[in-house]
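Fold and contact review
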Amino acid sequence: MRRWLRRNWIGLVAVAVLLPATVGITFATQWSSYFGGRASDPVTVRSDTAENFAHAAWTLTDVRRVSAASSEGAEIGLPEGSDLVIVTARVSPDGSGAEAPGCILLLEELDGTTVTRSWGASATDPIDYAATEGTLSTCDSDALEPYTLESAFVVADDASDDLGLAVTVSSELPRYLRFRL
Amino acid sequence: MTRTTPLWRHVVNGAGLVVILVIAGVVAHTAPSEEQQQAAIPVRGQIGETITGRNIRATVDGVRVAESVEASNGWAGPTSGVWVVVDASVEARVAEAPLGYARLKVGDVTYSASTRPGQATIAATSLSVGIPWTGPLMFELPSALVASDAARHAELQFAVDDDTRADSMLVIPVDLNSIDIDEVIETERPVWGAR
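Presented here is a report on the structure given in the accompanying data block. (Residues numbered from 1 in each chain as written. Chains lettered and ligands numbered in written order. Predicted model: local features only at pLDDT ≥ 70, side-chain atom pairs only at ≥ 80, totals over all residues.)

1. Focus: the interface of chain A and chain B
What counts is decided by this rule: Once C-beta atoms have been placed from the backbone, residue pairs whose C-beta atoms lie within 7 Å are recorded as contacts. A run of DSSP states H or I qualifies as a helix once it reaches four residues; a run of E qualifies as a strand once it reaches two. Both are numbered from the N-terminal end. When residue character is reported, Ala, Val, Leu, Ile, Met, Phe, Trp, Tyr, Cys and Pro are called nonpolar, Asp, Glu, Lys and Arg charged, and the others, Gly included, polar.
Facing the 12 residues of chain A at the interface are 10 residues of chain B. Taken together, the elements giving at least two residues each to the side of chain A that touches chain B come down to β6 (114–120) and β7 (147–156) of chain A. Looking at the side of chain A that touches chain B, the element that brings in the most residues is β6(A), giving 4 residues. Considering only residue class, the side of chain A that touches chain B consists of 5 nonpolar, 4 polar and 3 charged.

So this is what it looks like as structure tokens:
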């Protein structure tokens, strides 16, 4: 046996190196292309901090939570068992000549750094919420001047207060901006 | 001078080869096919029970059958067959998604929930996370099928995506034979919010 090992050691070492390397490279390639195409790398900032992201400066200016059980919630027509979370941000395109970002906004419920649930903006939800005058409900890719973004999310009333606003810009993937609210 | 390989080594090599071939045969015959690997993952439950999948939670409150339907939005459903009306409550669990797959399987045939009644059903509704939509789903079936033996073992199937591969599919058995056929059913308006 020892003689056989001595005779074939080069081949055995080659197999021992190449086999795991092949498996590792295959997995790494597949996973990196999977995660590279989706918002998987959050740039987390505190709610009171301005952040440059995707050729614009982002500042969170206000967060409000309205319960369906409140009089304001009833006026808005929130469904039973829900809250409305209204997030306001100031977006200042940096004037670098690049196109200002179009974006997707999501409200994330967090457990540490793990996203447990998420909600999209309530633009198509059957509620009577009217956004504040002069604000936009989504990013304006044509804007060159600063503007105010106000997004509303209808969330389950058992959603924790550990929430994050996720701003995804396709050109920045897999990075995305996450404001801890 | 040549050395001959002892007989026992030939026997051991042969036996080893046979063992490898047998193992390869067992693996080849028992490994799941691609279709099986990607099949929907069934989560079974009963009428009246809340059933939970990866990104969908649903409760079927009842199943009715009628010759015609009057929907809450005024739509009337004339049919040469019958309507199977399913009263259900459905929500997403992790991320918002459409109720992309709501079907009734009878025998080998599956029927999609009708979208003809428009907003009067929860078919193709966008599901919110943790905030259920409650309302009817309507399936149009041939009359003879509802009376057939296969209808005793019909199944309601719900999933969040039209492509059900490798994701939860809620499955609720229904005995359509045991349900009396009404002349007409009036359905309630879908309601969004906790029940």
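2. Some remarks on unusual backbone geometry
Inclusion rule: Three exposure classes are used, based on other C-beta atoms lying within 10 Å of a residue's own C-beta, which is placed from the backbone: buried for 20 or more, exposed for 12 or fewer, and partly exposed in between.
Residues A:Leu173 and A:Pro174 are joined by a peptide bond in cis, for which omega reads 10 degrees. Position of A:Pro174 relative to the elements: it lies in the loop between β8 (163–168) and β9 (175–180). Despite not being glycine, B:Ala166 shows a phi value in the positive range, around 55 degrees. Tracing the backbone through its elements, the reader meets B:Ala166 in the loop between β10 (154–159) and β11 (168–174). Note on B:Ala166: 11 C-beta atoms within 10 Å, which makes it exposed.

3. Some points on the environment of B:Ala124
Residues and elements named next belong to chain B. In this fold, Ala124 is placed in the loop between β7 (109–112) and β8 (126–127). Take Ala124: there are 14 C-beta atoms within 10 Å of it, and that puts it in the partly exposed class. For the pair Ala124 and Arg64, spaced 60 residues apart in sequence, the C-alpha to C-alpha distance is 20 Å. Discounting chain neighbours no more than four positions away, the residues touching Ala124 are Pro98, Leu99 and Thr115.

4. Topic: the sheet that holds β8(A)
Within a beta sheet, neighbouring strands are joined by backbone hydrogen bonds and run either parallel or antiparallel to one another. All names here are of chain A. So the rule is basically this: Each pair of strands is called paired provided DSSP finds at least two bridges between the two strands. As a rule, the C-alpha atoms of each element are fitted with a line to give its axis, helices using only the stretch in contact, and angles between N-to-C directions run from 0 to 180 degrees.
Spatial strand order, β1-β9-β8-β5-β6: 5 strands in an open sheet with mixed pairing. Only two strands of the sheet have a single partner each, and these edge strands are β1 (41–46) and β6. Strand-to-strand twist across the sheet, computed as the mean angle between neighbouring axes with direction ignored, equals 30 degrees. As paired elements, strand β5 (residues 104–111) and β8 share 6 bridges and run antiparallel to each other. Following the sheet pairing, Glu108 is matched in β8 by Gly164.

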